[in-house]
Amino acid sequence: DQMGESDRAEGAYQKALRLRARAEDPSGEAVTLVQLGNLYRSSERVEEAVTCFVRAADLTHELGDPLREAGALNNLAESYHVLGLLDEARRALRATLQLVAPLGHAAQPWKTWAILHDVEMGAGKRRRAAQAIAQARLLYRAYRLSGGAPVDGATRLVAEVADQLRTRSPLDARMAIPPEEAFGADALPLRQSLITLVQGSRDPEEIAYDRFPYS
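Residues numbered from 1 in each chain as written. Predicted model: local features only at pLDDT ≥ 70, side-chain atom pairs only at ≥ 80, totals over all residues. Heavy atoms only, no water.

Visitor: Break down the overall build of the chain for me, with residues and values.
Guide: Secondary structure summary: the chain contains eleven helices and zero strands in total. Helices (α) and strands (β) of the chain occur, in sequence order from the N terminus, as α-α-α-α-α-α-α-α-α-α-α. Its C-alpha atoms put the chain at 60 × 40 × 35 Å along the principal axes. For the chain, buried positions account for 37% of its 215 residues. Long-range pairs, those at least 24 residues apart, make up 49% of the contacts in the chain between residues at least 6 apart in sequence. Taken as a whole, the chain presents about 12300 Å² of accessible surface, with 52% of it coming from carbon and sulfur. Charged side chains of the chain number 27 positive and 30 negative; the gap between the two group centres comes to 4 Å. (Helix = DSSP H or I, 4+ residues; strand = E, 2+ residues; numbered from the N terminus. Buried < 20%, exposed > 50% of the residue type's maximum accessible area, 1.4 Å probe, protein only. Contact = heavy atoms within 4.5 Å. Areas by Shrake-Rupley, 256 points an atom, 1.4 Å probe, with all protein chains shown as cover. Lys, Arg positive; Asp, Glu negative; His and termini not counted. Charge placed at Lys NZ, Arg CZ, Asp CG, Glu CD.)

This is the structure in structure tokens:
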């Protein structure tokens, strides 16, 4: 069952951590900590996830690996957000933005701004949230215009639907959209926006989708 699989995965990650530590492999240890933290977060053990992400961020900082440190801090901020620790989430995100500023598109800075959007929405700061998502979209569009490929499932789907609309037909575009059960609850509005677009609407209010990123 799912709980048994989660327990086995946790055991495997814990064993890997011990082996990495014994081998004095802090880089591998940091990677495993992030994987374990993601497992904990998906299992609603968010406090334990925080511990993993903090340790991963510390290790990558000591290693001078800003790209991986930024990834650990993004995960940490999302976990703080889940726990309602919004000030802590903001601090982690500010640290991430400082790290990624010199790294360009490779650091995918739009993801950090998108997380900040969620944090500010959680705090009821709609103006700050709007500024954050605008910055995320600006950076992501610059990345795409430079030739960058879609970076996750949502953007790949948007790109596929758009390509079908441009080169084939609305029917082909509609067939490219997976069934409802293939989407998580938070992604269902994206699916509906794409369906509305494929059906011919170009009204921004009808096809608006406030979750980032867009392709």
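There's more to say after this.
Visitor: So what about the packing of helix H8 (residues 153–167) against helix H10 (residues 188–198)? Which residues, and what values?
Guide: A packed helix pair is summarised by two numbers, namely the angle formed by the two axes and the spacing between the axes. Interhelical geometry of H8 versus H10 gives an angle of 5° and a closest axis separation of 11 Å. In this view, H8 runs roughly parallel relative to H10, as classed from their interaxial angle. Contact residues: Ala-154, Leu-157, Val-158, Val-161 and Leu-165 in H8; Leu-190, Leu-194, Leu-197 and Val-198 in H10. Residues that form the contact of H8 with H10 fall into these classes: nine nonpolar, no polar and no charged. (Axes fitted to C-alpha atoms, helices over the stretch in contact; angles between N-to-C directions. Parallel < 35°, antiparallel > 145°, perpendicular 65-115°, else oblique. Nonpolar A, V, L, I, M, F, W, Y, C, P; charged D, E, K, R; others polar.)

Visitor: Give a description of the pattern of salt bridges that names residues and reports values.
Guide: Counting across every chain of the model gives nine salt bridges. The residue Arg-68 makes a salt bridge to Asp-65 at a minimum N-O spacing of 3.9 Å. Judged by relative accessible area, which is 22%, Asp-65 ranks as partly exposed. Salt-bridge contacts for Arg-166 lead to Asp-163; the nearest nitrogen and oxygen are separated by 4.0 Å. You can see Arg-166 and its partner Asp-163 sitting in helix H8, three residues apart, about one turn around the helix. (Salt bridge = Lys/Arg side-chain N within 4 Å of Asp/Glu carboxyl O.)

Visitor: Run through the nonpolar core, naming residues and quoting values.
Guide: Ranked by size, the top nonpolar core spans 27 residues in total, and within it Leu-33, Leu-36, Leu-76, Ala-77, Leu-93 and Val-119 carry the most contacts. Among the elements of the structure, helix H2 (26–42), helix H3 (46–63), helix H4 (66–83), helix H5 (86–100) and helix H6 (109–122) are those that each provide at least two residues to this core. The biggest single contributor to this core is H3, with seven residues. Sequence-distant contacts of Val-119, that is, excluding residues within four places in its chain, are made with His-81, Leu-86, Ala-89, Arg-90 and Leu-93. (Core = buried A, V, L, I, M, F, W, Y, C linked by side-chain atoms within 4.5 Å.)

Visitor: So what about helix H7 (residues 126–145)? Which residues, and what values?
Guide: Taking 1.5 Å per residue as the helical rise, H7 with its 20 residues ought to reach 28 Å, and the 28 Å between its terminal C-alpha atoms agrees with that figure. Those residues of H7 that sit buried are Ala-129, Ala-132, Ile-133, Ala-136, Arg-137, Tyr-140 and Tyr-143. Projected down its long axis, H7 shows its buried positions confined to an angular sector of 135°, all on one face. Facing away from the buried side of H7 by over 90 degrees, the exposed positions are Arg-127, Leu-138 and Leu-145. Where H7 is buried, its residues meet H6 and H8. Just beyond H7, the residue with positive phi is Gly-147, at close to 105°. (Expected span 1.5 Å × (residues − 1). Arc of directions from axis to C-beta.)

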